[in-house]
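Single-letter residue listing:
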Amino acid sequence: MPLFEWTDKIAVGVTVFDNQHKQLIAIINELHDAMKERRAKDVLSGIFLKLENYTKTHFHHEITVLKSAGYPDLSEHENQHRVLIEKLADLREKFDSGSLFVSTETMNFLKDWLVNHIMGHDKKYSGFLKD
Ligand SMILES: [Fe+2]
């Protein structure tokens, strides 16, 4: 069973970004499954890296679109992205160095991390881009 699933509640109404959020959810679910199946450390590490890389791609895409649309709170949004990437990188480094085990707590953190990004920040551009 997946850790969580995309629902309309977290839709931002911009198809390309909703699809990218679905992809992020899929990677977090993949990590969750690998954790439950007690897969090897390098497998988990690889999924962590995939999550970080895809997040960077997604954030880059968001900023590019928001910039060309003249979004007023661009720098605030960029700041939030930076904080989110730092959290993710910190988690991955701790995992790689052996000071963190992927646990239910880690997975809930990642779930909240993504939901907070979408609900707290992306929902703000939702109305702007749809207009
Ligand atoms: Fe986003």
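Residues numbered from 1 in each chain as written. Predicted model: local features only at pLDDT ≥ 70, side-chain atom pairs only at ≥ 80, totals over all residues.

Novice: Sorry, what's going on with the overall build of the chain here?
Specialist: Tallying secondary structure elements over the chain gives four helices and zero strands in all. Secondary structure elements of the chain occur, N-terminal to C-terminal, as α-α-α-α. In summary, the chain has a C-alpha radius of gyration of 15 Å against a globular reference of 14 Å for 131 residues, a match within 12%. Projecting the C-alpha coordinates of the chain onto the three principal axes gives extents of approximately 45 × 30 × 20 Å. Evaluated residue by residue, the chain yields a buried proportion of 16% over its 131 residues. Residue pairs at least 24 apart in sequence account for 69% of intrachain contacts in the chain once pairs closer than 6 positions are excluded. (Helix = DSSP H or I, 4+ residues; strand = E, 2+ residues; numbered from the N terminus. Rg over C-alpha atoms; globule rule 2.2 N^0.38 Å. Buried ≥ 20, exposed ≤ 12 C-beta atoms within 10 Å, placed from the backbone. Contact = placed C-beta atoms within 7 Å.)

Novice: Just checking my understanding: could you explain the packing of helix H3 (residues 74–97) against helix H4 (residues 104–130) for this structure?
Specialist: Packed helices, taken two at a time, are described by the angle their axes make and the gap between the axes. It is the contact of H3 with H4, at a shortest axis distance of 11 Å, that shows an interaxial angle of 175°. If you check the angle between H3 and H4, you find them roughly antiparallel. Residues His77, Gln80, Leu84 and Lys87 of H3 form the contact with H4, whose participating residues are Trp113, His117 and His121. Here the contact of H3 with H4 is composed, by residue class, of two nonpolar, four polar and one charged. (Axes fitted to C-alpha atoms, helices over the stretch in contact; angles between N-to-C directions. Parallel < 35°, antiparallel > 145°, perpendicular 65-115°, else oblique. Nonpolar A, V, L, I, M, F, W, Y, C, P; charged D, E, K, R; others polar.)

Novice: Just checking my understanding: could you explain the packing of helix H1 (residues 15–36) against H4 for this structure?
Specialist: Their axes nearest at 10 Å, the elements H1 and H4 cross at an angle of 170°. It follows that H1 is roughly antiparallel to H4 by the angle criterion. Residues Phe17, His21, Leu24, Ile25, Ile28, His32 and Met35 of H1 form the contact with H4, whose own contacting residues are Met107, Leu110, Lys111, Leu114, Ile118 and Asp122.

Novice: What is the right way to look at H1 in this model?
Specialist: In an α-helix, one full turn covers 3.6 residues, which means residues spaced three or four apart are oriented alike. Look at H1: 31 Å from first C-alpha to last across 22 residues, which is about the 32 Å you get at 1.5 Å a residue. Three or more residues of H1 are buried, namely Phe17, His21, Ile25, Ile28, Leu31 and His32. All buried residues of H1 fall inside an arc of 115° around its axis, so they share one side. For H1, the exposed residues lying more than 90 degrees away from the buried face are Thr15, Val16, Asn19 and Lys22. Where H1 is buried, its residues touch helix H2 (41–68) and H4. Phi for arginine 38, located one or two positions after H1, is positive at around 50°. (Expected span 1.5 Å × (residues − 1). Arc of directions from axis to C-beta.)

Novice: How should I be thinking about H4 in this particular structure?
Specialist: The end-to-end C-alpha distance of H4, which contains 27 residues, comes to 36 Å, matching closely the 39 Å that a straight helix rising 1.5 Å per residue would cover. By the largest-angle criterion, aspartate 122 marks the main kink of H4, which is about 50°. Within H4 the residues assigned to the buried category are Leu110, Leu114, His117, Ile118, Asp122 and Tyr125. Against the buried residues of H4 lie H1, H2 and H3. (Bend = angle between axes of the 7 residues up to and from the residue.)

Novice: What am I meant to see in the confidence of the model for the chain here?
Specialist: Averaged over all residues, the pLDDT of the chain equals 93, while 99% of them reach at least 70. Summarising per-element confidence for the chain, the mean pLDDT is lowest in H4 (90) and highest in H1 (96). (pLDDT = per-residue confidence, 0-100.)

Novice: Just to check I follow, could you spell out the environment of phenylalanine 128 for this structure?
Specialist: Here phenylalanine 128 lies in helix H4. By C-beta crowding, phenylalanine 128 is classed as partly exposed, having 14 other C-beta atoms within 10 Å. Phenylalanine 128 sits 44 residues away from leucine 84 along the chain, and the two C-alpha atoms are 22 Å apart.

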